[in-house]
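Reading the structure
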Amino acid sequence: ILSTLSFEFFLSTSYIEGGMFEYLETLLDLIESQYWIEEFHVLPRLLSTAILYARDMGLNRWEFYVGLDEEVAEKRRTVWWKCYGWDKYISINTGKEPMIHDSTISCLYPNCCRKAGFIDPDEMLESIHKLLVPLDMELYELLQYAHIALSRIVGDFYCNVLYNQKYTDFRNHAKPEKL
């Protein structure tokens, strides 16, 4: 019954104007709860709403963080990277293209990644394999860091291999054998 009530709430509030950060957090909590009760079929629809909402709020762009209190900015960054991680997870499980393209992201990482020495998304991919020292973080921060790092690796694989024009262009297969 709780799942039914949650979806009733989602359907009745999914048409409200963007800008309510608390609604986005609640939506991500709903996604997580649906994951844990193995209601996987609803995750893509819920996530697409969450991602559109997050983009409308500018969570994926650093410009929207200028002038914000650091505590508020950190909360928003964490939510954005949760959206990103869920997007990559659903892409892997459905075999479909991610909704978030890495080239549209300029949001800084949350504190857990900055503690590991990574500030921006590209920097992590270049040097994640060089991280040799144990990270001095709380368990929650380590899990959050691992989730983001794995999501970035998957996102990079999608961009540079699975959906790279070098490998997927129709010209690769449409050229005649002999001219």
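Note that the structure is predicted; figures quoted are calculated from it, not measured.

Rules and cut-offs
- Residues numbered from 1 in each chain as written.
- Predicted model: local features only at pLDDT ≥ 70, side-chain atom pairs only at ≥ 80, totals over all residues.
- Heavy atoms only, no water.
- Helix = DSSP H or I, 4+ residues; strand = E, 2+ residues; numbered from the N terminus.
- Buried < 20%, exposed > 50% of the residue type's maximum accessible area, 1.4 Å probe, protein only.
- Contact = heavy atoms within 4.5 Å.
- Polar contact = N/O pair within 3.5 Å; in protein donor to acceptor, adjacent residues only side chain to side chain.
- Core = buried A, V, L, I, M, F, W, Y, C linked by side-chain atoms within 4.5 Å.
- pLDDT = per-residue confidence, 0-100.
- Salt bridge = Lys/Arg side-chain N within 4 Å of Asp/Glu carboxyl O.
- Patch = residues over 30% accessible without salt bridge, like charges linked within 9 Å, V, L, I, M, F, W, Y side chains within 5 Å.
- Areas by Shrake-Rupley, 256 points an atom, 1.4 Å probe, with all protein chains shown as cover.

Moving on, we get to the overall build of the chain. Secondary structure summary: the chain contains nine helices and zero strands in total. Reading the chain from its N end, one meets helices and strands in the order α-α-α-α-α-α-α-α-α. The burial tally for the chain puts 37% of its 179 residues in the buried class. Looking at the chain alone, contacts between residues at least 24 apart form 64% of all its contacts between residues at least 6 apart.

Here the focus is the environment of R61. With respect to the element layout, R61 can be found in the loop between α3 (43-56) and α4 (70-94). Sequence-wise, R61 and I105 are 44 residues apart; in three dimensions their C-alpha atoms are separated by 6.0 Å. For R61, the contacting residues outside a window of four places in its chain are T104, I105, S106 and C107. Engagement of the side chain of R61 in a polar contact is seen with the backbone oxygen of T104, the distance being 3.3 Å.

Moving on: the nonpolar core. L24, L59 and W80 are the most contacted members of the largest nonpolar core, which totals 39 residues. Listed by contribution, the elements that provide at least two residues to this core are α2 (21-36), α3, α4, α5 (111-115) and α7 (139-162). Among the elements that line this core, the one with the most residues is α4, at eight residues. Each residue touching W80, except ones within four places of it in the same chain, is listed here: A54, R55, L59, N60, Y65, I100, I105 and C107.

It is worth spelling out the confidence of the model for the chain at this point. On average, residues of the chain score 84 in pLDDT, and 83% of them reach the 70 mark or higher. Per-element confidence in the chain ranges from a low mean pLDDT of 59 for helix α1 (residues 2-13) to a high of 94 for α4.

Turning next to unusual backbone geometry. Of note, the phi angle at E38 is positive, near 60 degrees, even though the residue is not glycine. Along the chain, the position of E38 falls in the loop between α2 and α3.

We now examine the pattern of salt bridges. This model, assessed by the stated rule, comprises 10 salt bridges. One salt bridge in this structure joins E25 and K75, with 3.8 Å as the shortest N-O distance. Of this pair, E25 sits in helix α2 while K75 sits in helix α4; the two residues are 50 residues apart in sequence, bridging distant segments of the chain. In this structure E25 comes out as partly exposed when scored by relative accessible area, which is 21%.

Before going further, it helps to spend a moment on a nonpolar patch on the surface. Taken together, the side chains of F157, V161, L162, Y163 and Y167 present a nonpolar region at the surface, about 460 Å² in accessible area. Structurally, the position occupied by Y163 is in the loop between α7 and α8 (165-168). A relative accessible area of 36% means that Y163 is categorised as partly exposed.

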